[in-house]
Amino acid sequence: MSGFRVAIDGPAGSGKSTISSTIAKTLGWTHIDTGAMYRAVTLQAIELGIDLNDEAAYRFLETCHIHYDHDRIYIDDRDVTEAIRSDKVTRNVSLVSSFPYVRKMLVGLQQAAAKTTGNIIMDGRDIGTVVLPDAELKIFLTANVEERAKRRYAERVQKGKQEPMAQMIEEIVNRDRKDSTREASPLRQAEDAIVIDTTSLTIKDVVKKIIAFIEQKENVHGD
Ligand code: DC
């Protein structure tokens, strides 16, 4: 039986996953980071050595189990949470996620998870438009490119990597372009989504705002 479903979409670096995870922890809800699932497919494809441009080669997904649970992502019970953040995965994930076959497989898993879990927050690029078009609440997070690049830069520094800011900006602009111009379910704001510009907001601010929207909607639905 499905519960209250929150769809959070937005471009790379808009804060989706951190914000969704914090809300889920605060409310004791389930969180699924669908970007991590596309990254897991990318990692597996690289490790299997398939031709990444050949859509038919992704059939390996029929026998491979991808599972997101409590901020960790697993491929056949192997925890790949750290491995999916590598540069090689990041560079190739837009290509992998552009294949309709890959999307069909992952959207199926995501919809099944929403059906069998209670209250859920799912974040990605097509949650409000394709995965959960009838979600009780849809949020679209944005932030300007410079701010998103700054966040990525800070993340990398934390991991001990120092890369030029110009490179961060280029990566973000490239990924935005690929994610929003692909044919299969591009990044797009759902018509009924609430837009929150996070450029000058802290994570805490955004979490508070979204929880207030959830409470508002729950009151209306609970009548
Ligand atoms: O959120 P992220 O940067 O970890 O996502 C990685 C990639 O996965 C992103 O470049 C586009 C793709 N993606 C997608 O196509 N659909 C989703 N629902 C989530 C992510």
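Please refer to the structure placed before this passage.
Keep in mind the model is a prediction, meaning the values are calculated, not measured.

**Focus on the sheet that holds strand β4 (residues 72-75)**
Move 1: In spatial order, the strands read β3-β4-β5; together these three strands make up an open sheet with antiparallel pairing. Two strands bound the open sheet, and with one partner strand each, they are β3 (66-69) and β5 (78-79).
Move 2: Pairing analysis gives two bridges linking β4 to β5, with the strands arranged antiparallel. Each bridged residue has a counterpart across the sheet, and for Ile-75 the counterpart in β5 is Arg-78.
Move 3: Helix α2 (residues 34-48) rests against β3, β4 and β5 of the sheet, and its axis sits at about 35° to β4.

**Section: the sheet that holds strand β8 (residues 194-197)**
In sheet architecture, strand pairing relies on hydrogen bonds along the backbone and comes in two forms, parallel and antiparallel.
Move 1: With respect to topology, five strands assemble into an open sheet ordered β2-β6-β1-β7-β8, the strand pairing being parallel. Among the strands making up the open sheet, the edge pair consists of β2 (30-33) and β8. Taking the axes of each pair of neighbouring strands and ignoring which way they run, one obtains an average angle of 20° across the sheet.
Move 2: Relative to strand β6 (residues 120-124), strand β1 (residues 5-9) runs parallel, the two being bridged by five bridges. For Ile-8, the partnering residue across the bridge sits in β6 and is Asp-123.
Move 3: Strand contacts of α2: β2 and β6, with the helix running at about 45° to β2, the strand carrying the most contacts.

**Brief notes about the packing of aromatic side chains**
Move 1: Summed over all chains, the structure comprises three aromatic pairs.
Move 2: Ring centres of Phe-4 and Trp-29 lie 5.8 Å apart, and the angle between their planes is 45°; this geometry places the pair in the tilted category. Placement of Phe-4 in the segment before β1 and of Trp-29 in the loop between α1 (16-27) and β2 is noted, with a sequence separation of 25 residues between them.
Move 3: Classification of Phe-4 as buried rests on a relative accessible area of 7%.
Move 4: Three or more aromatic residues link up through ring pairs in this structure, and these residues are Tyr-58, Phe-60 and Phe-99.

**Looking at the site of the ligand**
Move 1: Taken together, the neighbourhood of the ligand is formed by 16 residues, with Arg-39, Arg-103, Asp-126, Arg-175 and Arg-182 sitting nearest.
Move 2: Within the contact set of the ligand, an oxygen atom lies 2.8 Å away from a side-chain nitrogen or oxygen of Arg-39.
Move 3: A distance of 2.9 Å separates an oxygen atom of the ligand from a polar atom in the side chain of Asp-179.
Move 4: Bound to the protein, the ligand loses 98% of the 450 Å² it would expose on its own.
Move 5: Counting only elements with at least two residues in the shell around the ligand, the list comes to α2, α3 (87-96) and α7 (165-181).
Move 6: At four residues, α2 tops the list of elements feeding residues into the shell around the ligand.
Move 7: Grouping the constituent residues of the shell around the ligand by class yields two nonpolar, five polar and nine charged.

About the cut-offs
Residues numbered from 1 in each chain as written. Predicted model: local features only at pLDDT ≥ 70, side-chain atom pairs only at ≥ 80, totals over all residues. Heavy atoms only, no water. Pairing = 2+ DSSP bridges. Helix = DSSP H or I, 4+ residues; strand = E, 2+ residues; numbered from the N terminus. Contact = heavy atoms within 4.5 Å. Axes fitted to C-alpha atoms, helices over the stretch in contact; angles between N-to-C directions. Phe/Tyr/Trp six-rings, centres within 6.5 Å; stacked < 30°, edge-to-face > 60°. Buried < 20%, exposed > 50% of the residue type's maximum accessible area, 1.4 Å probe, protein only. Near = heavy atom within 4 Å. Polar contact = N/O pair within 3.5 Å; in protein donor to acceptor, adjacent residues only side chain to side chain. Areas by Shrake-Rupley, 256 points an atom, 1.4 Å probe, with all protein chains shown as cover. Nonpolar A, V, L, I, M, F, W, Y, C, P; charged D, E, K, R; others polar.

Worth remembering: the numbers are spatial, not functional.
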